[in-house]
Amino acid sequence: MEKIIVKGVKELKGEVNISSAKNAILPIIAATILCDEKVIIKNTPMLEDVSVLIELLRELGAEIKYSNITDELIIDNSNLKLVDTIDSLVKKMRASFLIMGPILSRFGYCKLSLPGGCNIGSRPIDLHLKGFKLLGADINKQYGYVETKATKLKGNRIYLDFPSVGATENIIMASVLAKGETIIENAAEEPEIYDLANFLNKMGAKIYGAGRGKITIIGVDKLKGTTHTPIYDRIEAGTFMVAAAISKSVIDIKGIDDDNLRPIIEKLKECGVKFINYEDGIIVDGRGNKYPIDIKTLPHPGFPTDMQPQMMALLSTIEGGSVITETVFENRFMHVAELTRMGADIKIDGKTALVNGVSKLTGCEVKSTDLRAGAAMILAGLVAEGETVVGDVYHIDRGYLNIEEKFKKLGANIYREDR
Ligand code: EPZ
């Protein structure tokens, strides 16, 4: 089994380039199903989740080329065909459920196995299905599958009980070729939603208000091919910001700006981290004194849940009491047990974790309970005494490209091996 081994305690220095956002690329790849002309997506990191979605589209007849010289993904869906069920790949990655909206729109029918839950929560899809139903689809859920059928989707007004990222994306994709106007209220405002809408509008869609709580989509007849460069990964950038903070180092993070990072930067500033913005990056200075803080995860523009485990690793090393409240997922504290094994002092009380910072963490074997928790274990390992052996690294590879190489370039004592 592959493990990532980190030997603390090392100061980091130098620069790191941030990849394009996994959570922008996945819906964008799904959205190419809506178009039968060639689409080029630039700067695409070949992450595990990206290759699973590419495999899935190939099962449907997509012609997909990838150059790992230019990181360009070229997708031609002109010969896409309807396949009854695509079980193995959908089950492998829940984000593949994002193909339901585009397939339903293009073929008038889609049958997928229900995506399972995962370590962080049950991950329901009721809001996705509510949207499809309001757009005129018949929904049939049984035997572990969900089947949607619609001769022609018609625009409608859809209120989301929760600003679900995936549901917002799936409904946008189902609406762009529907007849008439669709309004999504209480829509997710994550930057990845804005990027998806940007991409679709370049293909001829008419989407207004993406990135805010109310999105209007005017149906069009056809989309044309385009070229798109997805936004940078704000969670990867945030992960390296925490790396600077926890290791009391200065790191130059390139290819980012502070627009999409505001919630993360503000909380790290409260912790005592300093930031110097420049033209195409941000220098993060984590050398100063650190202070305990309180964090509550919320839909964007609140503090992102995908940064919660990383911040918990940092706050575990800051003297004093910090409080972390997880409001987005019902079970995203699996990493607490792993951090506790390293000497952290954390008590869970329902949706809240009370973190009492300790002066020292010590290295040991730990698990990655989800992809962000895995990154948090590496961060803790950077400053733990001794060796930290991080297992289940396949979780980490789903969302971080060559994470250990990027940390090695910053001077960390880190490597991957089969153990
Ligand atoms: C996206 O997941 C991201 N994944 C997640 O990133 C991220 O944590 C999450 O948004 C929140 O920001 C991708 O974009 C591929 P949601 P998604 O639908 O769309 C409830 C990572 O680490 N809900 O916004 O599945 C649900 O139970 C991953 O990169 C419903 O109740 O998230 C959850 O509590 C992890 N009904 C909350 O909404 C629904 O139909 C947030 O889920 C859908 C969701």
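Thresholds, definitions, all that
- Residue positions within a chain follow its written sequence, with the count starting from 1.
- Totals for whole chains, interfaces and linings use every residue, but because this is a predicted model, local features are given only for residues with pLDDT of at least 70 and side-chain atom pairs only at 80 or more, for both listing and counting.
- No hydrogens and no water enter the side-chain calculation; it runs on all heavy atoms of the structure.
- Following DSSP output, two strands are said to pair if at least two bridges run between them.
- A run of DSSP states H or I qualifies as a helix once it reaches four residues; a run of E qualifies as a strand once it reaches two. Both are numbered from the N-terminal end.
- In this description, a line fitted to the C-alpha atoms serves as the axis of each element, helices being fitted only across the stretch in contact, and the angle between N-to-C directions of two axes falls anywhere from 0 to 180 degrees.
- Contacts were defined at the residue level, with two residues in contact if any of their heavy atoms lie within 4.5 Å.
- An angle below 35 degrees is treated as roughly parallel, one above 145 as roughly antiparallel, one from 65 to 115 as roughly perpendicular, and anything else as oblique.
- Throughout this entry, Asp, Glu, Lys and Arg are counted as charged residues, while Ala, Val, Leu, Ile, Met, Phe, Trp, Tyr, Cys and Pro are counted as nonpolar. The remaining residues, Gly among them, count as polar.
- Only buried residues count toward a nonpolar core. Its members are Ala, Val, Leu, Ile, Met, Phe, Trp, Tyr and Cys residues joined through side-chain atoms within 4.5 Å.
- Exposure categories follow from relative accessible area, calculated using a 1.4 Å probe and restricted to protein chains: below 20% of the type maximum is buried, above 50% is exposed, and the middle band is partly exposed.

## Overview of the sheet that holds strand S16 (residues 281-285)
One open sheet accounts for four strands, arranged S2-S14-S16-S15; its pairing is mixed. The sheet terminates laterally at strand S2 (13-17) and strand S15 (274-278), the two strands that pair on one side only. Going from strand to strand, the sheet's axes swing by 20 degrees on average, the running direction of each strand aside. Strand direction decides the pairing type here: S15 and S16, joined by five bridges, are antiparallel. Paired with Tyr278 across the bridge in S16 is Gly281. Packed on one face of the sheet, helix H8 (residues 234-246) meets S2, strand S14 (250-254), S15 and S16 and runs near 165 degrees to S14.

## Some points on the packing of helix H9 (residues 262-271) against helix H10 (residues 308-315)
Relative placement of two packed helices is described by the angle separating their axes and the distance separating the axes. Look at H9 against H10: their axes get within 12 Å of each other, and the N-to-C directions meet at 5 degrees. Regarding the angle of H9 to H10, the classification is roughly parallel. Along the contact surface, H9 presents Lys267, Leu268 and Cys271, while H10 presents Met311, Leu314 and Leu315. By residue class, the composition of the contact of H9 with H10 is five nonpolar, no polar and one charged.

## Describing the pairing of strand S22 (residues 387-390)
The pairing of strand S1 (residues 2-7) with S22 spans four bridges and is antiparallel. Note that in S22 the partner of Ile4 across the bridge is Val390. Pairing of strand S21 (residues 365-366) with S22, which is carried by two bridges, proceeds in the parallel orientation. In the sheet register, Glu365 faces S22, and the bridge partner there is Val389.

## Focus: the nonpolar core
One finds Val176, Leu200, Ile207 and Leu223 to be the most contacted residues of the largest nonpolar core, which totals 70 residues. With residues near it in sequence (within four places) discarded, Val176 still touches Leu34, Leu200, Ala205, Ile207, Ile217, Ile218, Gly219, Val220 and Leu223. Val284, Leu339, Leu382 and Ala412 belong to the second-largest nonpolar core, a separate cluster that totals 69 residues.

## Overview of the sheet that holds strand S9 (residues 157-159)
Reading across from one edge, S9-S10-S12-S11 is the order of the four strands in this open sheet, with mixed pairing throughout. In the strand order of this sheet, the two ends are held by S9 and strand S11 (206-208), each with one partner. Taking each pair of neighbouring strands and ignoring which way they run, the sheet shows an average axis angle of 15 degrees. Of the strand pairs in this sheet, S9 and strand S10 (residues 181-185) are connected by three bridges, and their pairing is parallel. Bridge pairing links Ile158 to Ile184 in S10.

## Some remarks on the pairing of strand S6 (residues 109-113)
Side-chain positions along a regular strand alternate between the two faces of the sheet. Taking burial as the measure, the five residues of S6 include four buried ones, the bulk of the element. Both S6 and strand S8 (residues 145-149) contribute to a ladder of five bridges, which runs antiparallel. Pairing of Leu112 across the sheet is with Val146, part of S8.

Without other data, these values stay purely geometric and don't point to any function.
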